[in-house]
Amino acid sequence: MNTKKYLLSALAGLVGFIVASIVLEDFILKSYLERTFYQPIGELIRASAHPEFSTPLPFVGFLVVWILIMAYMYPKGYEGGSPAVEGLRFGVLLGLFQGVPLAISFEFFFGIGLVPVLVQIFRTTLEVATAGLLIGLVNGRK
């Protein structure tokens, strides 16, 4: 394994994920997510007195591990096509693998409703697909 390429692709994937998250969560979907997702969940978390959910540190750790795993997996499944197409396909697939169970668990635990669940799946898939695209582009053709 080329360690330099691995770390560079992980860094690119992390940056891509963060940029996609900021664009989607802080601009495009901000008011919708606040109204249908963050407020209902935040009220339930405050009511259950779990202050550990207020810090994003566990999420940052999860994100770094997730991106490192993605950067490691990508070359293993590379099928020889365009790096952009292969990376995007990889990212969409992993985004669905992550987004569907995560969004369904939010419905199960917090009862956010079907449309917010679908929006969460879409948002997560786009964020992970962006990371996958950049990981694919950094890895390039073999």
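Residues numbered from 1 in each chain as written. Predicted model: local features only at pLDDT ≥ 70, side-chain atom pairs only at ≥ 80, totals over all residues. Heavy atoms only, no water.

Each helix and strand counted, the protein has 5 helices and 0 strands in total. Relative to its 142 residues, the protein shows a buried fraction of 37%. For the protein, the share of sequence-separated contacts (at least 6 apart) that also reach a separation of at least 24 residues comes to 80%. (Helix = DSSP H or I, 4+ residues; strand = E, 2+ residues; numbered from the N terminus. Buried < 20%, exposed > 50% of the residue type's maximum accessible area, 1.4 Å probe, protein only. Contact = heavy atoms within 4.5 Å.)

With that settled, the discussion passes to the layout of surface pockets. Space inside the second largest pocket adds up to approximately 210 Å³. Lining the second largest pocket are 13 residues, and of these Met1, Asn2, Lys5, Pro75 and Asn139 sit closest to its centre. Ranked by the residues each element gives to the lining of the second largest pocket, the list is headed by helix α3 (residues 57-77), at 5 residues. Tallied by class, residues from the lining of the second largest pocket come to 7 nonpolar, 3 polar and 3 charged. (1 Å grid on protein atoms, 1.4 Å probe; cavity = no way out; pocket = protein on both sides within 12 Å on 5 of 7 lines; lining within 4 Å. Points joined across faces, edges and corners; volume = space filled by probe spheres on them. Nonpolar A, V, L, I, M, F, W, Y, C, P; charged D, E, K, R; others polar.)

With that settled, the discussion passes to the confidence of the model for the protein. In low-pLDDT regions, the fine details of the predicted coordinates are not to be read closely. Of the residues in the protein, 89% have a pLDDT of 70 or more, and the chain-wide mean is 89. Across the protein, helix α5 (residues 114-139) holds the top mean pLDDT of 96, while helix α2 (residues 30-47) sits lowest at 80. (pLDDT = per-residue confidence, 0-100.)

The next point concerns α3. Under the 1.5 Å per step criterion, the end-to-end length of α3 is 31 Å for 21 residues, consistent within 8% with the ideal 30 Å. Of all the positions in α3, only Leu63, Trp66, Ile67, Met70, Ala71 and Tyr74 are classed as buried. An end-on view of α3 places all buried positions within 140° of arc, on one side of the element. Structural note: α3 exposes Leu57, Pro58 and Lys76 on the side pointing more than 90 degrees away from its buried face. (Expected span 1.5 Å × (residues − 1). Arc of directions from axis to C-beta.)

Where helix α4 (residues 83-110) meets α5, the closest approach of the two axes is 6 Å, and the angle between their N-to-C directions is 150°. In terms of orientation, α4 lies roughly antiparallel with respect to α5. The interaxial crossing formed by α4 with α5 has right-handed handedness. (Axes fitted to C-alpha atoms, helices over the stretch in contact; angles between N-to-C directions. Parallel < 35°, antiparallel > 145°, perpendicular 65-115°, else oblique. Left-handed = near helix turned anticlockwise from the far one by under 90°.)

Here we come to the pattern of salt bridges. Going through the model one piece at a time under the given rule, you end up with 4 salt bridges. We note a salt bridge from Arg89 to Glu86, for which the minimum N-O separation is 3.0 Å. In this pair, Arg89 and Glu86 both sit in helix α4, 3 residues apart, roughly one turn of the helix. Overall, the relative accessible area of 41% leaves Arg89 in the partly exposed class. (Salt bridge = Lys/Arg side-chain N within 4 Å of Asp/Glu carboxyl O.)

Moving on: the nonpolar core. Phe17, Trp66, Ile67, Met70, Leu94 and Val128 are the most contacted members of the largest nonpolar core, which totals 15 residues. For this core, the secondary structure elements donating two or more residues are α1 (3-28), α3, α4 and α5. Considering each element in turn, this core owes the most residues, 6 residues, to α3. Leave out the neighbours within four places in its chain, and Leu94 touches Trp66, Met70, Met73 and Val128. One finds Leu29, Tyr32, Phe37 and Val117 within the second-largest nonpolar core, a separate group that totals 10 residues. (Core = buried A, V, L, I, M, F, W, Y, C linked by side-chain atoms within 4.5 Å.)

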